[in-house]
Each structure stands twice: as structure tokens, then as C-alpha cells.
Amino acid sequence: MLFLDLATLETTYAQRYATAVGLRFGSNDISRTVGLTAKQRIMQQLTVEGILQSDFSKNTTAHILMANHKPIISKRFNYYYGAGVSFGREESFVKQRETKEIIQTYGNATMGMDLIGGIELTVANTVISLDYKPNINLAGREEFFRGQVGISARTVIVKSKEQDKRWRKKKRAKKRANREPIGDKLKNIFNFRSN
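Residues numbered from 1 in each chain as written. Predicted model: local features only at pLDDT ≥ 70, side-chain atom pairs only at ≥ 80, totals over all residues. Heavy atoms only, no water.

Colleague: Go over the overall build of the protein with me, naming the residues and quoting the values.
Modeller: Counting its regular elements, the protein contains 3 helices and 10 strands. Beginning at the N terminus, the succession of helices and strands in the protein can be written as α-β-β-β-β-β-β-β-β-β-β-α-α. Taking all 195 residues of the protein together, 36% fall into the buried category. Look at the contacts in the protein between residues 6 or more apart in sequence, and 53% of them connect residues 24 or more apart. A total accessible area of about 12700 Å² is found for the protein, and carbon and sulfur atoms account for 63% of it. (Helix = DSSP H or I, 4+ residues; strand = E, 2+ residues; numbered from the N terminus. Buried < 20%, exposed > 50% of the residue type's maximum accessible area, 1.4 Å probe, protein only. Contact = heavy atoms within 4.5 Å. Areas by Shrake-Rupley, 256 points an atom, 1.4 Å probe, with all protein chains shown as cover.)

Rendered as C-alpha cells:
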């Protein structure tokens, strides 16, 4: 019985929303950030998320992430993982070995690659999520790696049922537009030609 439950669990859809927008609170070794987050479902278990966050001092970043969602208990409680890119203006610390000093610079234009993994719960049109988002620096910062733990609270703008209904409607309209009339279909099958 448990095996059947687990087998059917994988085929269910993973999130209860299509579009959700809200706030994100992040924390790492350098700073605490507050930001805006928007998540859009683009396929059944795939979302695109945009994050704009700042500590209102020396660090402001923008992130675009794609994540795959999988249900844990139901589509209201799931885990997700993914990757993306980030751009921003950040502070950096450079170690001077000769003088044994750490020089802090800020306003550095940065670019990096993000990974993300987390869990989320949807209750009463609100999505609460907890995630870990490591950032791998590609340019602009001395540190190669910087991790961030984040908590997001989003309100559901479009429910998954509404989006699924639109997708089905578009699919039916496309199918109708591509449908060949029965008379033409019979002519093609039997190779009739009019003289």
C-alpha cells in the first residue's frame, strides 16, 4: 500500500499556484537582505523565479532562477531545487598577505551562478518557503562562494487550476484549428481525385 502511495505521489502536480508574488528575507555571513520575489509556473513542475534583494547599504542583487518542484505530502507541501544567474553590486574583501590586512571594497559589479534548494507550503493563498541559495562568483567579487538562507512569503495571484484551465483551452483551440474536415480526410485516405 505504501509503495502505491509513493508511486502515485510522483505523478501529482507539485505546486498549488501558477503565479505568486511577495517578500524574501535573506541572511548570509556578510549581510541581511530584504527583497521582492515573484514565481511563475511555466510547466507542470517547473517555475521561474525573479528575486531583487538589498541590504540597503552595500549589497544589491538580482537573481533569475529556474526550479523543479516535487511534492512531499501533497501539492501544498513540496520541495524544489534549481539553478540560475545573478547580477548586482556587492562588497568584497581582499586579503593582503604581505601586510596581513583585509581590504573591503564595495560597489563592485558582480555576476554569478546560483543554485537553490528549499521547501514550501501553500496555505490560504499564501506560499511560505525556506531555502538555501549558494552563489558561485564568476566576476566582480574576491570570494568564490557565498551562501544565503532565505525565507519567502508570497501571495498567490493566479491559482494552478486557473492556469491549467487556460492551457487546456488553448490546446483544444489549437487542435480544432489543425483538424482536417472529414470529407478531406476520406479523400486523402482513398486517394480520390476530382477531374
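Colleague: Tell me about the environment of I151, and please be specific about residues and values.
Modeller: Position of I151 relative to the elements: it lies in strand β10 (residues 149-159). The class of I151 is partly exposed, set by a relative accessible area of 46%. A sequence separation of 126 residues divides I151 from F25, and the C-alpha atoms of the two residues are 5.3 Å apart. Setting aside residues up to four positions removed in sequence, I151 forms contacts with L23, R24, F25, S129 and L130.

Colleague: Tell me about the pattern of salt bridges, and please be specific about residues and values.
Modeller: When their charged atoms lie close together, side chains carrying opposite charge are able to pair. Evaluated as defined, the whole model comprises 8 salt bridges. Among the salt bridges present, the one from R146 reaches E90, with a minimum N-O distance of 3.0 Å. In this pair, R146 is assigned in strand β9 (residues 145-146) and E90 in strand β5 (residues 77-96), connecting sequence segments 56 residues apart. Of the residues examined, E90 reaches a relative accessible area of 9% and is grouped as buried. Measuring nitrogen to oxygen at the nearest pair gives 3.2 Å for the salt bridge that ties E143 to R146. For E143, a relative accessible area of 19% puts it in the buried group. (Salt bridge = Lys/Arg side-chain N within 4 Å of Asp/Glu carboxyl O.)

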